[in-house]
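The residues making up each chain are set out below.
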Amino acid sequence: MDFLTILGLAAATITTISFLPQMFKTWQTKSAKDVSIVTLITFIVGVFLWLIYGIYLQALPIILANSVTLLFNLIILWLKIKYR
């Protein structure tokens, strides 16, 4: 692996795990009242588009980061809807 791929994977890991605290807090408190559904849906669409872009480029860091970020944010959206 070259330096830029390692750099991309490190950035992907850090930005992706940044959603874990929100996901766990929403799950534990069973409350998502402070999570904006408009922001969440907009972000999910953006992450999905990044995923498509990464697949097109065959860029592993972009594909991995956005796949996991999309999953985490879909879980947060599901929790937002479930705990209305």
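As a reminder, the structure under discussion sits directly above these lines.
Source: prediction; values computed, not measured.

A. Molecular detail of the nonpolar core. The biggest cluster of nonpolar side chains holds 11 residues, and these are Met23, Ala32, Val35, Leu40, Ile44, Val47, Leu51, Leu70, Phe72, Ile76 and Leu77. Residues contacting Val47, with those up to four places away along its chain left out, are Asn66, Thr69 and Leu70.

B. Expanded view of a nonpolar patch on the surface. On the surface, Ile37, Val38, Ile41, Val45, Phe48, Leu49, Ile52, Ile55 and Ile81 cluster together to form a nonpolar patch covering roughly 800 Å² of accessible area. When residues in the nonpolar patch are grouped by element, the largest group, 8 residues, is from helix H3 (residues 37-57). With respect to the element layout, Ile81 can be found in helix H4 (residues 60-82). By relative accessible area, Ile81 is classed as partly exposed at 43%.

C. Quick look at the packing of H3 against H4. Two elements in contact, H3 and H4, have axes separated by 9 Å at closest approach and are oriented at 155 degrees. Judged on the interaxial angle alone, H4 and H3 are roughly antiparallel. In the packing of H3 onto H4, the handedness of the crossing is left-handed. For the pair H3 and H4, contact is made by Ile37, Leu40, Ile41, Phe43, Ile44, Val47, Phe48, Trp50, Leu51, Tyr53, Gly54 and Ile55 and by Ile62, Ile63, Asn66, Ser67, Thr69, Leu70, Asn73, Leu74, Ile76, Leu77 and Lys80, respectively. Of the residues that constitute the contact of H3 with H4, the class distribution is 17 nonpolar, 5 polar and 1 charged.

D. Seen up close, the packing of aromatic side chains. Under the counting rule described, the total for this entry stands at 2 aromatic pairs. On the basis of an interplanar angle of 80 degrees and a centroid distance of 5.5 Å, the ring pair of Trp50 and Tyr53 is categorised as edge-to-face. Here Tyr53 and Trp50 lie together in helix H3, a separation of 3 residues that amounts to about one turn.

E. Structural detail: H3. Along its 21 residues, H3 runs 30 Å from first to last C-alpha, staying within 8% of the 30 Å computed at 1.5 Å per residue. Contacts from the buried residues of H3 go to H4. Positioned one or two residues after H3, Gln58 has a phi angle of 55 degrees, which is positive.

Basis of the calculations
Residues numbered from 1 in each chain as written. Predicted model: local features only at pLDDT ≥ 70, side-chain atom pairs only at ≥ 80, totals over all residues. Heavy atoms only, no water. Core = buried A, V, L, I, M, F, W, Y, C linked by side-chain atoms within 4.5 Å. Buried < 20%, exposed > 50% of the residue type's maximum accessible area, 1.4 Å probe, protein only. Contact = heavy atoms within 4.5 Å. Patch = residues over 30% accessible without salt bridge, like charges linked within 9 Å, V, L, I, M, F, W, Y side chains within 5 Å. Areas by Shrake-Rupley, 256 points an atom, 1.4 Å probe, with all protein chains shown as cover. Salt bridge = Lys/Arg side-chain N within 4 Å of Asp/Glu carboxyl O. Helix = DSSP H or I, 4+ residues; strand = E, 2+ residues; numbered from the N terminus. Axes fitted to C-alpha atoms, helices over the stretch in contact; angles between N-to-C directions. Parallel < 35°, antiparallel > 145°, perpendicular 65-115°, else oblique. Left-handed = near helix turned anticlockwise from the far one by under 90°. Nonpolar A, V, L, I, M, F, W, Y, C, P; charged D, E, K, R; others polar. Phe/Tyr/Trp six-rings, centres within 6.5 Å; stacked < 30°, edge-to-face > 60°. Expected span 1.5 Å × (residues − 1).

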